[in-house]
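Residues per chain are reported as follows:
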Amino acid sequence: MPGKLGIYIHIPFCRRKCDYCDFYSLSGREERMDPYQKALLAHIKETAPLARGYQVDTVYFGGGTPSYYGEKRLRELLSEVNRRFDLARDAEVTVECNPDSVDKKMLTKLRRAGFNRISLGVQSACDRELASLGRLHQFAQAQAAVAAAREAKFKNLSLDLIYGLPGQDMASWQESVEQILSLEPEHLSCYGLKVEDGTPLSARVAGGEILPNDDAQADMYLWAVERLEAAGYKQYEISNFAKAGFQSRHNLKYWMGNPYIGFGPGAHSDFGGRRYSFVRDLEQYIQGVLQGGNIVDESELIPQRERGSEYLMLRLRTTRGIDEWEYRREFFMNFDPIEQKLEAFEHQGWAARQDRRWYFTPKGFLVSNQLIGALLEAQERAAYDQIIPKLRPNPRGENAPF
């Protein structure tokens, strides 16, 4: 059986950059779309021979705003992936869209070209909250975009929501969730607003704008977990919920440590035992691909010990969690110190177990960064104990290993 591979294609163009966004994206650069398309096509062709023996079972177009890039370019890119890679017939092919840049005609062309999953950035059902984020659409446009996707016969629709927005309270958050549920998506992503350095939102907060505090955000999150569970959306990752059979197969590759290849400025890859990323610079990427210059920003081989750390960090983002024997078998490391920590977390209501599998509860997800940090410290101590022999006094008064 061939190995499975994911492909991510970054589309860095937007009509306008949102106030909270720190992804690599650009507005007002439409004249560079055609040169960028040429570079992407060349890069896909150049890279494909490295993936012989792999079958591509997920393709994800992220951004930026891929739908703003135009359906013709998106179809051409997917066609090139299909031509150069072994693309599975049942591959999950996702494109991110904004409500203001799609219609039925466009979406129908995308579906016919092989796209089968839409991720729509709704973010809120409150127009005032959308304006506070710098979003260009209103909720009525999101409703129309969902209707257009259904009319275009998309059967796998994911909607994004953000909690912790300026001026948001529990009542308005609950209203947003209920409005989203009325649209009956197959998948929901609920993210807590993060204030990133260097963004307009960061400047606004520094200037005194008030956001819901940590306790308020925690209440919003826990309420959403319970409400979505009751509505038939099973949580499978910290921020993601899906009806049965509609988990994001592509995003699960990241959390399960499976290989993927990225294309575009700022895109990351984990392939062939090496993790690497490309420069966050549109012009350098275009020139590098087309003229043979350097486009790699960072690249490193990942030793097995570090993979063990990633196993903890990534798997514990999911409700699947980690398995004792899987950990021992894959990384040849002592699980006992980690289990001791997890047992302590269990007493606090942050973790739970099923047989030999451990996972975080919703309350644990809220403090997962701190919990994972403690587990990594325990792992480091366990690794040190395995590598450095313990010393004991010997009859000659010297220290000697056991």
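Residues numbered from 1 in each chain as written. Predicted model: local features only at pLDDT ≥ 70, side-chain atom pairs only at ≥ 80, totals over all residues. Heavy atoms only, no water.

As annotated in an unreviewed UniProt entry, the protein chain carries the name Heme chaperone HemW and comes from Candidatus Flavonifractor intestinipullorum. Of the comments in the UniProt record for the protein chain, the one headed Function (unreviewed entry) reads "Probably acts as a heme chaperone, transferring heme to an unknown acceptor. Binds one molecule of heme per monomer, possibly covalently. Binds 1 [4Fe-4S] cluster. The cluster is coordinated with 3 cysteines and an exchangeable S-adenosyl-L-methionine." Per UniProt, the protein chain has the following entry under Subcellular location (unreviewed entry): "Cytoplasm". (UniProt positions renumbered as here; feature names shortened; annotations may be inferred.)

Some words on a positive patch on the surface
Residues K104, R112, K153 and K155 make up a contiguous surface patch of positive charge. Of note, K155 is situated in the loop between α6 (139–151) and β7 (157–163). (Patch = residues over 30% accessible without salt bridge, like charges linked within 9 Å, V, L, I, M, F, W, Y side chains within 5 Å. Areas by Shrake-Rupley, 256 points an atom, 1.4 Å probe, with all protein chains shown as cover. Salt bridge = Lys/Arg side-chain N within 4 Å of Asp/Glu carboxyl O. Lys, Arg positive; Asp, Glu negative; His and termini not counted. Charge placed at Lys NZ, Arg CZ, Asp CG, Glu CD. Helix = DSSP H or I, 4+ residues; strand = E, 2+ residues; numbered from the N terminus.)

Concerning the nonpolar core
With 98 residues, the main nonpolar core has I9, F61, F85, L342 and F360 as its most contacted residues. The residues touching L342, leaving out its near neighbours within four places in the chain, are I322, F335, A351, W358, F360 and L375. Ranked by size, the runner-up nonpolar core spans nine residues in total, among them L133, L165, L193 and L201. (Core = buried A, V, L, I, M, F, W, Y, C linked by side-chain atoms within 4.5 Å. Buried < 20%, exposed > 50% of the residue type's maximum accessible area, 1.4 Å probe, protein only. Contact = heavy atoms within 4.5 Å.)

Remarks on the pattern of salt bridges
Between side chains of opposite charge, pairing is possible as soon as their charged atoms come close. Evaluated as defined, the whole model comprises 28 salt bridges. One salt bridge connects E343 with R353, and the closest N-O pair in it is separated by 3.8 Å. Pair noted here: E343 is in helix α14 (residues 336–347) and R353 is in strand β16 (residues 351–354), with a separation of 10 residues, a long-range link. For E343, a relative accessible area of 30% corresponds to the partly exposed category.

Section: the pairing of strand β17 (residues 357–360)
Bridge count for strand β15 (residues 322–323) against β17 is two bridges, and the pairing is antiparallel. Looking at the pairing, I322 lines up with W358 of β17. Hairpin connection from β16 to β17: two residues lie between these consecutive antiparallel strands, with D355 at a positive phi of about 60 degrees. (Pairing = 2+ DSSP bridges.)

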